[in-house]
Amino acid sequence: MACFIVPLTQALATTAYRKHAAHNNTFVSRNLHSLEMMLWGGSLMLIIDHILNGELTWQYPFFTALGVDGGGAVMLREILTVGVPISLVITLIWAGWCLLKERRAVKA
């Protein structure tokens, strides 16, 4: 119900950092756009999924779990147990892809 909050926050931070460090030519800066797109795309897909499943609505409280007692704790647990691992996996996949990409560039 709220697992998209962590990748969305990471996407916002990545976008801000990329715009700030655009002039750097480091390993991270050269490949940051791809991480940014992966995070924005994944967050958008999760938001759409939660809207279609009825877990996210256009009316207050936007998260349906907040409408019941103890829903905040359930939401927080989902953020920590699902959202954080999603962001970590996306970042690790991106790092592996970037390392392979850099290795190929050195060999060429």
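Everything discussed here concerns the structure shown above.
Thresholds, definitions, all that
- Residues numbered from 1 in each chain as written.
- Predicted model: local features only at pLDDT ≥ 70, side-chain atom pairs only at ≥ 80, totals over all residues.
- Heavy atoms only, no water.
- Helix = DSSP H or I, 4+ residues; strand = E, 2+ residues; numbered from the N terminus.
- Expected span 1.5 Å × (residues − 1).
- Bend = angle between axes of the 7 residues up to and from the residue.
- Buried < 20%, exposed > 50% of the residue type's maximum accessible area, 1.4 Å probe, protein only.
- Contact = heavy atoms within 4.5 Å.
- Core = buried A, V, L, I, M, F, W, Y, C linked by side-chain atoms within 4.5 Å.
- Patch = residues over 30% accessible without salt bridge, like charges linked within 9 Å, V, L, I, M, F, W, Y side chains within 5 Å.
- Areas by Shrake-Rupley, 256 points an atom, 1.4 Å probe, with all protein chains shown as cover.
- Salt bridge = Lys/Arg side-chain N within 4 Å of Asp/Glu carboxyl O.
- Phe/Tyr/Trp six-rings, centres within 6.5 Å; stacked < 30°, edge-to-face > 60°.

A. Representation of the environment of Ala21 in the model. Take Ala21: it is sitting in the loop between α1 (5-20) and α2 (27-52). Residues Ala21 and Pro7, 14 residues apart in the sequence, show an inter-C-alpha distance of 20 Å.

B. View of helix α3 (residues 71-107). In a regular helix each residue adds 1.5 Å, so 37 residues correspond to 54 Å; α3 covers 53 Å between its end C-alpha atoms and thus fits that length. The largest bend in α3 comes to about 30 degrees, at Ile79. Buried within α3 we find Gly71, Met75, Glu78, Ile79, Gly83, Ser87, Ile90, Trp94 and Cys98. Elements that come into contact with the buried residues of α3 comprise α1 and α2.

C. Focus on the nonpolar core. One finds Met1, Ala2, Cys3, Phe4, Leu46, Leu56, Phe63, Ala65, Met75 and Ile79 forming the largest nonpolar core, which totals 10 residues. When residues no more than four places from it in sequence are discounted, the contact partners of Leu46 are Cys3, Phe4, Pro7 and Ile86. If you look at the next biggest cluster of nonpolar residues, it comprises seven residues, including Ala11, Leu32, Leu35 and Trp94.

D. Structural detail: a nonpolar patch on the surface. Residues Leu76, Leu80, Val84 and Leu88 make up a contiguous nonpolar surface patch of about 360 Å² in total accessible area. Among the secondary structure elements, Leu88 is positioned in helix α3.

E. Main features of the packing of aromatic side chains. Tallying each qualifying case throughout the model produces two aromatic pairs. Aromatic side chains Phe4 and Phe63 sit 5.9 Å apart centroid to centroid with 25 degrees between the ring planes, which places their arrangement in the stacked category. Of the two residues, Phe4 is situated in the segment before α1 and Phe63 in the loop between α2 and α3; the sequence distance between them amounts to 59 residues. Judged by its relative accessible area of 15%, Phe63 falls in the buried class.

F. Structural view of the pattern of salt bridges. Within the structure shown, the criterion is met by two salt bridges. Close ionic contact of Glu36 with Arg18 constitutes a salt bridge, the shortest N to O distance being 2.3 Å. Highlighted residues: Glu36 in helix α2 and Arg18 in helix α1, separated in sequence by 18 residues. Here Glu36 falls in the buried class, since its relative accessible area comes to 3%. Put simply, Arg30 and Glu102 hold a salt bridge, and the shortest N to O gap is 3.0 Å. In this pair, Arg30 is assigned in helix α2 and Glu102 in helix α3, connecting sequence segments 72 residues apart. Since its relative accessible area comes to 40%, Arg30 is described here as partly exposed. Since its relative accessible area comes to 21%, Glu102 is described here as partly exposed.

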